[in-house]
Amino acid sequence: MDYSKIKYKIEKETLQQEVLSGKVEIETLLEALKKPEVNDKASWVFSSVVELKPDIIKEQDITLLIKLLENNPSKALERNIWRTFQFIEIPINLQEQCTHLAFETLERNESSIAVQVFSMSVAFELSKNNKDLMHLLKEILLFKFENASKGFQSRARKILKEID
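What counts and what doesn't
- Within each chain, residue numbers correspond to sequence positions counted from 1 in written order.
- Two thresholds apply to this predicted model, a pLDDT of at least 70 for residue-level local features and 80 or more for giving and counting side-chain atom pairs, whereas whole-chain, interface and lining totals are computed over all residues.
- The side-chain values count all of the structure's non-hydrogen atoms but skip hydrogen atoms and water molecules.
- Put simply, a salt bridge is a Lys or Arg side-chain nitrogen that is within 4 Å of an Asp or Glu carboxyl oxygen.
- Only protein chains enter the calculation, and the probe is 1.4 Å; a residue is then buried if its accessible area is under 20% of its type maximum, exposed if over 50%, and partly exposed in between.
- Points on a 1 Å grid over protein atoms alone make up a cavity when a 1.4 Å probe fits among them but cannot get out, and a pocket when they form an open set with protein on both sides within 12 Å along at least five of seven lines; lining residues each have an atom within 4 Å of a point.
- Grid points are joined across faces, edges and corners, and a volume is the space filled by probe spheres set on the points.
- A run of H or I in DSSP becomes a helix once it reaches four residues, and a run of E becomes a strand once it reaches two; helices and strands are each numbered from the N terminus.
- Think of it as three bins: nonpolar holds Ala, Val, Leu, Ile, Met, Phe, Trp, Tyr, Cys and Pro, charged holds Asp, Glu, Lys and Arg, and polar takes everything else, Gly as well.
- Note on definitions: a residue-residue contact is assigned when non-hydrogen atoms from the two residues lie within 4.5 Å.
- Each polar contact in these results corresponds to two N or O atoms within 3.5 Å; when the atoms are within protein, one needs to be able to donate a hydrogen and the other to accept it, and residues that are neighboring in sequence are counted only if both atoms are side-chain atoms.
- Stacked, edge-to-face and tilted labels apply to pairs of Phe, Tyr and Trp rings (six-membered ring for Trp) whose centres lie within 6.5 Å, assigned for plane angles under 30 degrees, over 60, and everything in between, in that order.
- To obtain each axis, a line is fitted to C-alpha atoms, and for helices this fit is confined to the stretch in contact; angles are then taken between N-to-C directions over 0 to 180 degrees.
- Geometric relationships in this document are graded by angle, where less than 35 degrees denotes roughly parallel, more than 145 denotes roughly antiparallel, 65 to 115 denotes roughly perpendicular, and other angles denote oblique.
- In these notes, a set of buried Ala, Val, Leu, Ile, Met, Phe, Trp, Tyr and Cys residues joined through side-chain atoms within 4.5 Å is what counts as a nonpolar core.
- pLDDT gives the predictor's per-residue confidence on a scale running from 0 to 100.

Engineer: Summarise the pattern of salt bridges; cite the residues concerned and give the values.
Structural biologist: In the structure shown here, the tally under the stated rule is five salt bridges. Between Glu 31 and Lys 34 there is a salt bridge, with the nearest N and O atoms lying 2.9 Å from each other. Look at Glu 31 and you get partly exposed, because its relative accessible area is 41%. Among the residues examined, Lys 34 registers a relative accessible area of 42% and is labelled partly exposed.

Written as structure tokens, this is what we have:
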């Protein structure tokens, strides 16, 4: 599958349907996420596939995604991995590592707004059963709120409302 030729939404949706229908294995798509020359486009397809069929992703796939995040991925790959994490349940044995990465990403000012917003949502979901983490998330959001973009503020407002 040549992900480098994906330029338009219709091409992405065609590949997405091929994965969802089983014509293309999800493993093929996951392998493409490891290849710098195509991982941006492959991650675009991947996040859409997972949004439509969250149970397609397995624990070992989540482990791979976390490793990709730890290795300074491209902006598009990072954005699509965090977007993907919003649609799935992170296994208990990976939650601590994922929570750490979510908070780290949220605090990193160099991260794009979309990446910060997606990681904020993941951090919130993973912190729901931990008062200390929830308090830390609230402090980070309040600290960043005033100088943040409208998109960041919108998501932060929703999360802060749920925290209080």
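That shown, we press on.
Engineer: Mind laying out the layout of surface pockets, listing which residues take part and the relevant values?
Structural biologist: It is a probe the size of a water molecule, rolled over the atoms, that shows where empty space is left. The computed volume of the largest pocket comes to approximately 370 Å³. Along its surface, the largest pocket is lined by 15 residues, and Ile 90, Gln 95, Val 122, Glu 125 and Leu 126 are the ones closest to its centre. Contributing elements (two or more residues each) for the lining of the largest pocket: helix H6 (92-107) and helix H7 (113-127). Looking at the lining of the largest pocket element by element, the count peaks at four residues for H7. By residue class, the composition of the lining of the largest pocket is six nonpolar, six polar and three charged.

Engineer: Kindly report on helix H5 (residues 75-85), identifying the contributing residues and their values.
Structural biologist: Counting buried positions along H5 gives nine out of eleven residues, so the element sits mostly inside the fold. Turning to H5, its buried residues number three or more, namely Ala 76, Leu 77, Glu 78, Asn 80, Ile 81, Trp 82, Arg 83, Thr 84 and Phe 85. Lining the buried residues of H5 we find helix H2 (26-33), helix H3 (39-52), helix H4 (59-70), H6 and H7.

Engineer: Which residues make up the environment of Arg 155, and what are the values?
Structural biologist: Mapping Arg 155 onto the fold places it in helix H9 (residues 150-163). The sequence separation of Arg 155 and Leu 141 amounts to 14 residues, and the corresponding C-alpha distance is 9.7 Å. Sequence-distant contacts of Arg 155, defined by excluding residues within four places in its chain, comprise Gln 86, Val 117, Met 120 and Ser 121. Of note is the side chain of Arg 155, whose polar atom sits 2.4 Å from the side chain of Ser 121.

Engineer: Give a detailed account of the packing of aromatic side chains, specifying residues and quantitative values.
Structural biologist: Under the criterion given, the structure shown has one aromatic pair. Measuring from ring centre to ring centre gives 5.6 Å for Trp 82 and Phe 85, while their planes differ by 85 degrees; the resulting arrangement is edge-to-face. Here Trp 82 pairs with Phe 85, and both are found in helix H5, just three residues apart, close to one helical turn. Both residues of the pair, Trp 82 and Phe 85, belong to the buried class.

Engineer: Now, about the packing of H3 against H5: what can you tell me, with residues and values included?
Structural biologist: H5 packs onto H3 with a crossing angle of 10 degrees between their chain directions and a minimal axis gap of 8 Å. With respect to their mutual orientation, H3 and H5 come out roughly parallel. Every residue of H5 that contacts H3 at Asn 39, Asp 40, Ser 43, Trp 44, Phe 46, Ser 47, Ser 48, Val 50 and Glu 51 is listed here: Ala 76, Leu 77, Asn 80, Arg 83 and Thr 84. Partitioned by chemical class, the residues of the contact of H3 with H5 number five nonpolar, six polar and three charged.

Engineer: Please provide a residue-by-residue account of the nonpolar core, values included.
Structural biologist: One finds Phe 46, Trp 82, Phe 85 and Leu 141 to be the most contacted residues of the largest nonpolar core, which totals 51 residues. Considering every element that reaches this core, the biggest residue donor is H7, with eight residues.

Engineer: Go over the confidence of the model for the protein chain with me, naming the residues and quoting the values.
Structural biologist: Mean pLDDT over the protein chain stands at 93; residues scoring 70 or higher make up 97%. When mean pLDDT is taken per element in the protein chain, H5 scores highest with 97 and helix H1 (residues 9-21) scores lowest with 86.

Engineer: I'd like to hear about the environment of Glu 31, residue by residue, with values.
Structural biologist: Positionally, Glu 31 belongs in helix H2. Between the alpha carbons of Glu 31 and Lys 128 there is a distance of 32 Å; along the sequence they are 97 residues apart. A polar contact of 2.9 Å, which involves the side chain of Glu 31, links it to the side chain of Lys 34.

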